[in-house]
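Chain residues, written in single-letter form:
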Amino acid sequence: MLSSMRKSAGSWMIKILLGMIVLAFVFMGAGSYWAGRRNTVANVNGEPISVNEYQQTYKRMMQNMEQRFGNQLDQDMIDMLNLKEQALDRLIEKHLLMQLAGETDIRLPDDVLARSITSLPVFQNNGQFDPDLYRRVLNQNRLSPGDFEAMQKEAILTGMIKNFVSNAVPVSEAEARAWYEWQNTEVKIDYAEFARQDFTDVEVTEEAVAGYFENHKEKYKTRPKVKARYIRFSPEDYRGAVNVSESAIRDYYRSHQSEFTSEETVTARHILLKLPRDADEKNVQETRKKALEIYEKARSGRDFAELAREFSEGPSAGEGGYLGTLKKDDTVEPFAEKAFSMEAEEISQPVRTRFGFHIIKVEERRQASAKPLEEVKDAIRDKLALQKARDHAYDKALSVYDISFGGEDLVKNAKDMGLDLRTTGFFTQSRGPEDIENAGKFAEAAFALPLAEISEVTEIGDAFFLIQPVEKQESHVPELASVSEKVRRDLKREKQKKAAQQAARDLLEQARETGDFTAAAEAAGIKIHTTGFFKRGQPVPDIGQSRKLASAAFSLSADNPFPEAAVAKDSSFYVIHLQDKKQPGASEFRAEKEETVSRLASRKRQQTVNKWVAALRQQSDIEISDRFSDYSR
């Protein structure tokens with residue numbers, strides 16, 4: 001099966017498509033023939049992890065983060081997520097699991113591997129595996145079918161081992177009930193806020209500024225900076241050399257019909273009466289009877305949205321049961337089957353799903369439709385032209401990369417080939433050069449390389465780059481005069497923060513002593529606020545997301561309504577007092593028992609796998625290179 005897939009495959013497709021493949025692994029890269037790029041970052045039981053393997057893994061993780069967070073992703077967030085160490089940990093785990101698969105003789109039949117690949121949507125046209133598309137995607141990513149199949153095999157085998165470890169994890173009803181109550185308990189608190197900026201009566205002397213700087217020099221160290229050469233290969237520069245034939249347009253239209261077809265949709269509302277899947281017959285009949293009564297009210301002319309607000313137990317009740325515009329795959333099968341058999345303004349009799357009984361109202365129905373070729377011809381031509389231009393730009397960048405090994409090679413080759421070689425000014429990893437699109441990604445690539453080494457072809461924005469760091473400035477502590485204003489601001493804020501903390505501490509001490517939060521606050525001239533109810537993990541009403549504040553609030557009880565200390569959040573300190581706490585009832589748990597057990601089982605399985613992998617690491621011989629920090633810059 002695999003050999004026939006390879007023989008029948010053929011040529012083009014843009015590089016970005018491979019990023020669409022949803023797999024439980026990260027591509028490890030094809031390596032380079034330059035020996036300096038095959039150093040190791042770690043050894044796992046004597047098996048090396050190459051620099052190239054690490055850098056490709058890290059690159060894929062960065063791409064995933066960029067897709068997830070967009071422009072919000074900056075160097076501070078990257079540091080907080082600890083992506084460099086995550087990438088190495090992921091590779092160590094993969095090597096450990098593959099070694100275990102070999103030792104225990106766990107094997108994957110070729111037909112299972114073939115089915116897993118042919119079922120991937122990125123290799124399909126109109127729901128069928130396309131061998132030409134398979135080869136095109138792999139070619140654009142410098143992967144052979146053999147390389148890709150080996151990586152897919154690794155992903156499946158490691159997944160099989162994890163499933164074997166985790167599948168035996170049990171979840172009892174008592175355990176699920178306790179977890180459900182923990183998740184759904186709600187509290188309401190009184191609080192007093194002490195904001196740092198409100199404490200303006202602080203003194204900052206020149207002597208204090210100098211002392212603060214002396215004690216916090218590391219805080220003012222400059223960040224390392226790099227200067228880099230680069231060549232930018234823009235697809236726009238190659239558009240003039242691209243020709244898209246009419247037959248290519250027709251072929252694309254025929255093989256990508258799903259792009260030009262809008263699916264059938266319905267716009268609907270519903271009223272949900274919750275019912276556990278394992279409910280006894282008495283409860284089923286009682287709920288069905290109530291649903292039929294509501295259905296009759298809707299049929300008699302009562303406003304459906306108002307009925308939903310009054311009777312629905314689903315999350316959309318507050319919006320009058322409005323579900324928006326739905327495709328068939330957007331909801332569970334019994335619901336979808338009924339909704340898509342109805343006409344606009346029709347109201348259904350109660351339909352039972354795993355959530356309970358639904359009364360459905362279809363407000364609008366739109367049939368599936370396909371746009372004619374003439375209507376989309378120009379769009380297809382532009383798309384194919386851009387794809388070809390991108391291919392030309394990438395191929396050109398690759399041809400330069402293949403003959404540039406470091407040193408002055410990039411300068412010479414750019415001159416010989418008439419390419420525009422540019423040099424940036426110095427930039428930090430967090431900001432990047434000012435004149436580069438997506439400067440953060442450019443900086444990340446530049447800082448990942450040793451001086452004078454040339455990057456692989458790197459996609460940044462709508463172009464491809466070759467990047468070569470040529471000079472570096474190490475971090476250093478500046479003279480006080482150059483940062484004195486910043487030091488002064490920092491010192492003032494610290495003094496204000498200490499004043500706010502002390503005021504909060506004084507109020508809490510008085511409140512705990514008297515047991516009367518209101519009286520203690522009034523005596524100090526401080527205003528008390530009261531939140532609404534909130535659950536663990538939810539933002540605290542009027543205050544915002546704060547794990548520390550929520551944790552402190554849920555630790556309170558009627559016997560102990562005050563925390564041990566004021567809670568810091570952003571630039572404020574909060575003194576809190578428990579006003580009320582309520583737990584979910586047994587009927588609420590029964591209605592969500594099945595989903596709760598499923599979620600808890602998934603959580604426990606992941607925890608079990610993590611603990612098992614940690615134990616496996618503990619028993620293994622893992623050596624991390626002293627130069628790991630250099631490779632991961």
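Residues numbered from 1 in each chain as written. Predicted model: local features only at pLDDT ≥ 70, side-chain atom pairs only at ≥ 80, totals over all residues. Heavy atoms only, no water.

> Could you clarify how one ought to interpret the overall build of the chain in this entry?
Counting its secondary structure elements, the chain contains 22 helices and 21 strands. C-alpha extents for the chain along the principal axes are approximately 80 × 80 × 55 Å. For the chain, with 633 residues in total, the buried portion stands at 42%. Counted over contacts in the chain with a minimum sequence separation of 6, partners at least 24 positions apart contribute 74%. Looking at the chain as shown, the accessible area adds up to about 34,100 Å², and 46% of this sits on carbon and sulfur atoms. (Helix = DSSP H or I, 4+ residues; strand = E, 2+ residues; numbered from the N terminus. Buried < 20%, exposed > 50% of the residue type's maximum accessible area, 1.4 Å probe, protein only. Contact = heavy atoms within 4.5 Å. Areas by Shrake-Rupley, 256 points an atom, 1.4 Å probe, with all protein chains shown as cover.)

> So what exactly am I meant to see when it comes to the sheet that holds strand S1 (residues 40-44) here?
Two modes of strand pairing occur in sheets, parallel and antiparallel, and in both the strands are linked by backbone hydrogen bonds. Sheet architecture is open: 3 strands sit in the order S2-S1-S21, paired in antiparallel fashion. One side of each edge strand has no neighbouring strand; the edge strands of this open sheet are strand S2 (47-50) and strand S21 (622-624). Strand after strand, the sheet turns through a mean of 20° between neighbouring axes, direction not considered. The pairing of S1 with S2 spans 4 bridges and is classified as antiparallel. In the sheet register, Thr 40 faces S2, and the bridge partner there is Ser 50. On the sheet, helix H2 (residues 51-69) packs against S1 and S2 and is oriented at approximately 55° with respect to S2. (Pairing = 2+ DSSP bridges. Axes fitted to C-alpha atoms, helices over the stretch in contact; angles between N-to-C directions.)

> Explain the packing of helix H4 (residues 83-103) against helix H7 (residues 145-166) to me, please; I cannot follow it from the model alone.
Any two packed helices are characterised by the angle at which their axes cross and by the distance between the axes. Taken N-terminus to C-terminus, the directions of H4 and H7 make an angle of 80°; their axes are 9 Å apart at the nearest point. One way to sum up the angle between H4 and H7 is to call them roughly perpendicular. Across from Glu 93, Lys 94, Leu 97, Met 98, Leu 100 and Ala 101 in H4, the residues of H7 making contact are Glu 154, Leu 157, Thr 158, Ile 161 and Lys 162. Broken down by class, the residue content of the contact of H4 with H7 amounts to 6 nonpolar, 1 polar and 4 charged. (Parallel < 35°, antiparallel > 145°, perpendicular 65-115°, else oblique. Nonpolar A, V, L, I, M, F, W, Y, C, P; charged D, E, K, R; others polar.)

> Just to check I follow, could you spell out the pairing of strand S11 (residues 356-366) for this structure?
Within a regular beta strand, the side chains point alternately toward one face of the sheet and then the other, so they alternate between its two faces. Of the strand pairs in this sheet, strand S8 (residues 265-274) and S11 are connected by 10 bridges, and their pairing is antiparallel. Residue pairing in the sheet places Lys 274 in a bridge with Gly 356 of S11. For strand S10 (residues 351-353) and S11, the ladder comprises 3 bridges, and the chain directions are antiparallel. Its bridge partner lying in S11, Val 351 is registered against His 358.

> I keep staring at the sheet that holds S10 and nothing clicks. Help me out?
One open sheet holds the 4 strands; their spatial order is S9-S8-S11-S10, and the pairing between them is antiparallel. Pairing within the sheet leaves two strands with one partner each, and these edge strands are strand S9 (322-326) and S10. Along the sheet, successive strands turn relative to each other by an average axial angle of 40°, direction set aside. Sheet strands in contact with helix H12 (residues 304-311) are S8 and S11, and its direction is about 35° off that of S8.

> For this particular structure, what's the right way to read the environment of Pro 48?
In this structure, Pro 48 sits in strand S2. On the basis of relative accessibility, which here comes to 42%, the residue Pro 48 falls in the partly exposed class. When the C-alpha positions of Pro 48 and Lys 396 are compared, they lie 32 Å apart, and in sequence the two are 348 residues distant. The residues touching Pro 48, leaving out its near neighbours within four places in the chain, are Thr 40, Ala 42, Asn 43, Glu 53 and His 95.

> Whenever I open this one, the confidence of the model for the chain confuses me. Can you help?
Low-pLDDT stretches of the model should not have their predicted coordinates read in fine detail. Across the chain, pLDDT averages 87, with 92% of residues at or above 70. Predicted confidence for residues 1-38 stays below pLDDT 50, and this span has 108 contacts to residues more than four positions away or in other chains. (pLDDT = per-residue confidence, 0-100.)

> Looking at this structure, how should I read the nonpolar core?
Soluble globular proteins tend to pack their nonpolar side chains together in the buried interior. Ile 231, Phe 233, Ile 380, Val 400, Val 457, Phe 464 and Leu 466 are the most contacted members of the largest nonpolar core, which totals 28 residues. Broken down by secondary-structure element, the contributors of at least two residues to this core are strand S6 (225-233), helix H10 (246-255), helix H14 (373-401), helix H15 (409-417) and strand S16 (463-473). Top contributing element to this core by residue count: H14, with 12 residues. Within the second largest apolar cluster, 23 residues are counted, among which are Met 62, Leu 73, Leu 83 and Leu 97. (Core = buried A, V, L, I, M, F, W, Y, C linked by side-chain atoms within 4.5 Å.)

> So what exactly am I meant to see when it comes to the packing of H7 against helix H21 (residues 593-618) here?
One can describe the packing of H7 onto H21 by two numbers: an axis separation of 9 Å at closest approach and a directional angle of 110°. The angle between H7 and H21 places the two elements in the roughly perpendicular class. When you trace H7 past H21, the crossing you get is right-handed. Across the interface between the two elements, Ile 161, Lys 162, Val 165 and Ser 166 from H7 touch Arg 605, Thr 608, Val 609 and Trp 612 from H21. Looking at the contact of H7 with H21 residue by residue, the classes come out as 4 nonpolar, 2 polar and 2 charged. (Left-handed = near helix turned anticlockwise from the far one by under 90°.)

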